[in-house]
Amino acid sequence: MIYTITLNPAIDRLLFLEKTLVKEKNNRLSKVEYDLGGKGHHGSFAMSTLGVENQALGFCGTTNKSKLEKILKEKELNYDLVEVYGKPTRESYVILEANVSGSILITEKGFRVSSYDIELLTEKIEEKIQEKDIVLIAGSMPPGFELRDLEELLHVLKKKNCFIACDLSGTALTKAVEVGVNFIKPNAFEIQEIVSAENPLLENLKELSKKIDYVVVSQGSEGSICSHDGEFYQITVPKVVAVNDTGAGDCSVGAFLANLSLGKPLTETLAFASGCAASKVQYTNSTTFSVKEAKLLQKKVRVEKLQMD
Ligand code: TA6
């Protein structure tokens, strides 16, 4: 079974501008849409779309629970969330300008969780997670969920001897490396921050690969570099017209873990995950991608083994 943990869930409010965003002007909206936000939930959506069984764990606020649940049900997610009483799940604002590729993402901090809320989540995790499971922790931590709480959560998972994947950033990512997990997805800047800004990226990747089974360094539209089992791969993705890149990285993580759970070869997994992300960016919301399109795009993804001296 695969579980995703979204500590800081979000509802994405998509703001479609009539024109491009201009300061000191009244920027009028042509429409507003809502989609599922939160990196772990996006991972779950990708896995479910690929027919891989998974359950979304984490928190959700009670004051707008029906709004989040409506989206979770529309997306047919299997979820079991701890209620954070009297608080709303936050919104992320995705600004889409007319005839401009890409989006602007503005995220709220999120509700404050209490030690009791964290205790309830930990109990669920203790009860559900088995040794053969894959667990993805993805996204930011809400106020009240401190680094020590993440460390404790990671140690609970390590005791289960399950596969731990982390799509985290900043001090949370550094903590995941320190504790030792099975998968991380730093971007090129984060990997320099975690290891050393002095060393070239590949040196830092070699260093990290001694401790972390799978490291996928995302380089946005340039592709990514992956290390596993002493091998290093450069992944080059086909150029597509990106409408909205929100959620593309989350989609690739979900597809990667789905394929890993199916025992697919790593090179095929890397190409398919990149194909899913390349499909996702062509849709205006935060989650949609086409499996058919992803399989076609997968054929145009280049996965080359790097010769590292
Ligand atoms: O990666 C896309 C996304 O999940 C958006 O849907 C938005 O909710 C945001 O990222 C949340 O990011 P955060 O790092 O705050 O969890």
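Just above sits the structure.
What comes next concerns the included structure. Small disclaimer: the values here were computed from a predicted structure and weren't measured.

1. Here's the deal with the overall build of the protein chain
Here comes step 1: Across its full length, the protein chain carries 10 helices and 14 strands.
Here comes step 2: Taking 309 residues into account, the globule formula puts the C-alpha radius of gyration at 19 Å, and the protein chain, at 19 Å, falls close to it.
Here comes step 3: Projecting the C-alpha coordinates of the protein chain onto the three principal axes gives extents of approximately 55 × 45 × 40 Å.
Here comes step 4: A buried classification covers 53% of the 309 residues belonging to the protein chain.
Here comes step 5: Considering only contacts within the protein chain whose residues lie at least 6 apart along the sequence, 66% involve residues at least 24 apart.
Here comes step 6: Taken as a whole, the protein chain presents about 14,400 Å² of accessible surface, with 49% of it coming from carbon and sulfur.
Here comes step 7: A distance of 5 Å separates the average location of the 37 positive side-chain charges in the protein chain from that of its 42 negative side-chain charges.

2. What about the sheet that holds strand 2 (residues 10-17)?
Here comes step 1: One open sheet accounts for four strands, arranged 3-2-6-7; its pairing is mixed. In the strand order of this sheet, the two ends are held by strand 3 (29-36) and strand 7 (104-107), each with one partner. Averaged over all adjacent pairs, the angle separating strand axes in this sheet is 20°, with direction ignored.
Here comes step 2: Contacting strand 2, strand 3 and strand 6 (90-96), helix 2 (residues 65-74) runs over the sheet at an angle of about 80° to strand 3.

3. A look at the site of the ligand
Here comes step 1: Near the ligand lie 15 residues; those nearest to it are Asp-12, Lys-39, His-42, Ser-140 and Asp-250.
Here comes step 2: With respect to the ligand, the side chain of Asp-12 contributes an N or O atom lying 2.4 Å from an oxygen atom.
Here comes step 3: A distance of 2.7 Å separates an oxygen atom of the ligand from a polar side-chain atom of Asp-250.
Here comes step 4: Summarising the interface, the protein chains cover 90% of the accessible area of the ligand, which totals 390 Å² for the free molecule.
Here comes step 5: Elements with a contribution of two residues or more to the shell around the ligand: strand 2, helix 1 (39-49), strand 6 and strand 7.
Here comes step 6: Each residue belonging to the shell around the ligand can be placed in one class, and the counts come to two nonpolar, nine polar and four charged.

4. Some words on the pairing of strand 6
Here comes step 1: Judged by how many residues are buried, strand 6 sits mostly within the fold: six of seven residues are covered.
Here comes step 2: As defined by bridge partners, strand 2 adjoins strand 6 across seven bridges and the pair is classed as parallel. Of the residues in strand 6, the one forming a bridge with Leu-15 is Ile-95.
Here comes step 3: Where strand 6 and strand 7 come together, four bridges link them in antiparallel fashion. Residue pairing in the sheet places Val-94 in a bridge with Leu-105 of strand 7.

5. Digging into the pattern of salt bridges
Here comes step 1: As enumerated under the stated definition, the model contains 17 salt bridges in all.
Here comes step 2: Residues joined in a network through salt bridges with shared partners are Lys-65, Glu-69, Lys-73 and Glu-83.

6. Focus: the side chain of Gln-192
Here comes step 1: Its location among the elements puts Gln-192 in helix 6 (residues 188-194).
Here comes step 2: Residues contacting Gln-192, with those up to four places away along its chain left out, are Ala-197, Asn-199, Pro-200, Leu-201 and Asn-204.

7. A few points about helix 2
Here comes step 1: Those residues of helix 2 that fall on the buried side of the exposure criterion are Leu-68, Ile-71 and Leu-72. Taken down its axis, helix 2 places every buried residue within 100° of arc, on the same side. Of the residues in helix 2, the exposed ones pointing more than 90 degrees away from the buried face are Ser-66, Lys-70, Lys-73 and Glu-74.
Here comes step 2: In this structure, the buried residues of helix 2 make contact with strand 2, strand 3, helix 1, strand 4 (54-61) and strand 5 (79-84).
Here comes step 3: Looking at the residues trailing helix 2, positive phi occurs at Glu-76, about 55°.

8. What about the nonpolar core?
Here comes step 1: One finds Phe-163, Phe-183, Phe-256 and Leu-257 to be the most contacted residues of the largest nonpolar core, which totals 43 residues.
Here comes step 2: The element that contributes the greatest number of residues to this core is helix 8 (residues 248-261), accounting for seven residues.
Here comes step 3: Ignoring anything within four residues of it in the chain, the contact list for Phe-163 reads Asp-133, Ile-134, Val-135, Asn-182, Phe-183, Tyr-214, Leu-257 and Leu-260.
Here comes step 4: Among the nonpolar cores identified, the runner-up in size contains 42 residues, and Ile-5, Ile-129, Val-135 and Val-156 belong to it.

9. Things to note about the sheet that holds strand 14 (residues 302-305)
Here comes step 1: Strand order in the open sheet made by the 10 strands is 5-4-1-8-9-10-11-12-13-14, with mixed pairing throughout. Edge positions in the sheet fall to strand 5 and strand 14, since each of these pairs with one other strand and no more.
Here comes step 2: Of the strands in this sheet, strand 1 (2-6), strand 8 (134-138), strand 9 (163-167), strand 10 (183-184) and strand 11 (214-218) are in contact with helix 8, which crosses strand 9 at around 165°.
Here comes step 3: Here helix 9 (residues 266-280) sits on the sheet in contact with strand 11, strand 12 (224-228), strand 13 (231-236) and strand 14, set at roughly 30° to strand 13.

Rules and cut-offs
Residues numbered from 1 in each chain as written. Predicted model: local features only at pLDDT ≥ 70, side-chain atom pairs only at ≥ 80, totals over all residues. Heavy atoms only, no water. Helix = DSSP H or I, 4+ residues; strand = E, 2+ residues; numbered from the N terminus. Rg over C-alpha atoms; globule rule 2.2 N^0.38 Å. Buried < 20%, exposed > 50% of the residue type's maximum accessible area, 1.4 Å probe, protein only. Contact = heavy atoms within 4.5 Å. Areas by Shrake-Rupley, 256 points an atom, 1.4 Å probe, with all protein chains shown as cover. Lys, Arg positive; Asp, Glu negative; His and termini not counted. Charge placed at Lys NZ, Arg CZ, Asp CG, Glu CD. Pairing = 2+ DSSP bridges. Axes fitted to C-alpha atoms, helices over the stretch in contact; angles between N-to-C directions. Near = heavy atom within 4 Å. Polar contact = N/O pair within 3.5 Å; in protein donor to acceptor, adjacent residues only side chain to side chain. Nonpolar A, V, L, I, M, F, W, Y, C, P; charged D, E, K, R; others polar. Salt bridge = Lys/Arg side-chain N within 4 Å of Asp/Glu carboxyl O. Arc of directions from axis to C-beta. Core = buried A, V, L, I, M, F, W, Y, C linked by side-chain atoms within 4.5 Å.

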